[in-house]
Amino acid sequence: MSSHTQSVKRLTAPEIYARKGQTPLVCLTAYSAPMAEILDEACDILLVGDSVGMVVHGLPSTIGVTMEMMILHGQAVMRGAKKAFVVVDMPFGSYEAGPEQAFANAVRILKETGAQAVKLESGPTVHDTISYLTQRGIPVMGHVGLRPQAVNVDGGFKAKGRTQAERDKVLQEARDSDAAGAFAIVVEGVAADLAGEITAAVKAPTIGIGASAACDGQILVVDDMLGQFDWSPKFVRRYAALRETISEAAEGYAKDVRARDFPAPQETYFAK
């Protein structure tokens, strides 16, 4: 007879979907087990974002992120998070070829990490892919507006919706993602009025990043929120200054080591 340990109930995709217009969804990125464990209590959603390529691995963009990287970090986050709904980004090149490619890679991500959903960025054919995945049992989070994986096409990380044609395009992509079955849609780098228009136009909750408080929730890259870099985007509010804290700690450690003040007797083993 098998035994089962009692565990905390994780949030589900239908519960996230039902939060439309309710208490805003709290979301942050996470890439490691210790950080996921810390963030778990405060967050509704933890996103294993392909931003890991830039903030952890030092890549210039998210383009170089691989499936193996996403799976490795997804596994780590799932070990640390017990309550939050965990979503893993599908990296560049893992879904653009078509629904079948996307399905194979999404299945691999869910099977190998234990995460509950995948996220993919919008595009001309992505709504067909979202529909294909959701009809086959894979919850999908959409992503419209500024698309980090399109940095080479756009010529950089640029806000979207500055022209009417661009506004119409972003709004249509959000509607398409919603109609295809996305349980939530990230809206990145758009003006407040467009974010409000998107939020009103779709049934799925919108999760903003640089898209105003008009959205149904908010997400930030955790390293930005914690102040681990010397620069952060306009839309980031720093809730800590860990770069300074870590630097001061390292300098203090180095000073004590060089002065032979560390380790002290209380940090040293002695023979009995």
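Just so we're clear, the structure is a prediction, and the values are computed from it rather than from any experiment.

### Re the sheet that holds strand β7 (residues 206-209)
- The parallel closed barrel is built from eight strands, whose spatial order is β1-β2-β3-β4-β5-β6-β7-β8. Here the average twist between neighbouring strands, direction ignored, is 25 degrees.
- Sheet analysis places strand β3 (residues 85-89) next to strand β4 (residues 117-119), joined by three bridges and oriented parallel. Note that in β4 the partner of Val88 across the bridge is Val118.

### Quick look at the packing of helix α2 (residues 33-40) against helix α4 (residues 67-80)
- With their axes 7 Å apart at the nearest point, α2 and α4 run at an angle of 45 degrees to one another. Here α2 lies oblique to α4, going by the angle between them. The element α2 and its partner α4 pack so that their crossing is right-handed. Residues Ala33, Ala36 and Glu37 of α2 form the contact with α4, whose own contacting residues are Ala76, Val77, Arg79 and Gly80.
- For the contact of α2 with α4, a count of residues per class yields four nonpolar, one polar and two charged.

### Here's the deal with the pairing of β3
- Counting buried positions over the five residues of β3 gives five, a clear majority of the element.
- Residues of β3 alternate between two faces, with Phe85, Val87 and Asp89 on one and Val86 and Val88 on the opposite face, all of them buried.
- Relative to β3, strand β2 (residues 45-48) runs parallel, the two being bridged by four bridges. Counted as the bridge partner of Ile45 is Phe85 from β3.

### Let's talk about the pattern of salt bridges
- Taken as a whole, this structure holds nine salt bridges when the rule is applied.
- With its nearest N and O atoms 3.2 Å apart, the salt bridge here joins Asp44 to Arg19. Separated by 25 residues along the polypeptide, Asp44 in the loop between α2 and β2 and Arg19 in the loop between α1 (13-17) and β1 (25-29) bring together distant segments of the chain.
- Of the residues examined, Asp44 reaches a relative accessible area of 12% and is grouped as buried.
- Residue classification places Arg19 among the buried positions, given a relative accessible area of 18%.
- Note that Lys169 is salt-bridged to Glu173, the shortest N-O span being 2.9 Å. In this pair, Lys169 and Glu173 are both assigned in helix α8 (residues 164-180), four residues apart and thus about one turn of the helix distant.
- Here Lys169 falls in the partly exposed class, since its relative accessible area comes to 44%.
- When salt bridges that share partners are traced, they join Glu68, Arg108 and Glu112 into one network.

Conventions and cut-offs
Residues numbered from 1 in each chain as written. Predicted model: local features only at pLDDT ≥ 70, side-chain atom pairs only at ≥ 80, totals over all residues. Heavy atoms only, no water. Pairing = 2+ DSSP bridges. Helix = DSSP H or I, 4+ residues; strand = E, 2+ residues; numbered from the N terminus. Axes fitted to C-alpha atoms, helices over the stretch in contact; angles between N-to-C directions. Parallel < 35°, antiparallel > 145°, perpendicular 65-115°, else oblique. Left-handed = near helix turned anticlockwise from the far one by under 90°. Contact = heavy atoms within 4.5 Å. Nonpolar A, V, L, I, M, F, W, Y, C, P; charged D, E, K, R; others polar. Buried < 20%, exposed > 50% of the residue type's maximum accessible area, 1.4 Å probe, protein only. Salt bridge = Lys/Arg side-chain N within 4 Å of Asp/Glu carboxyl O.

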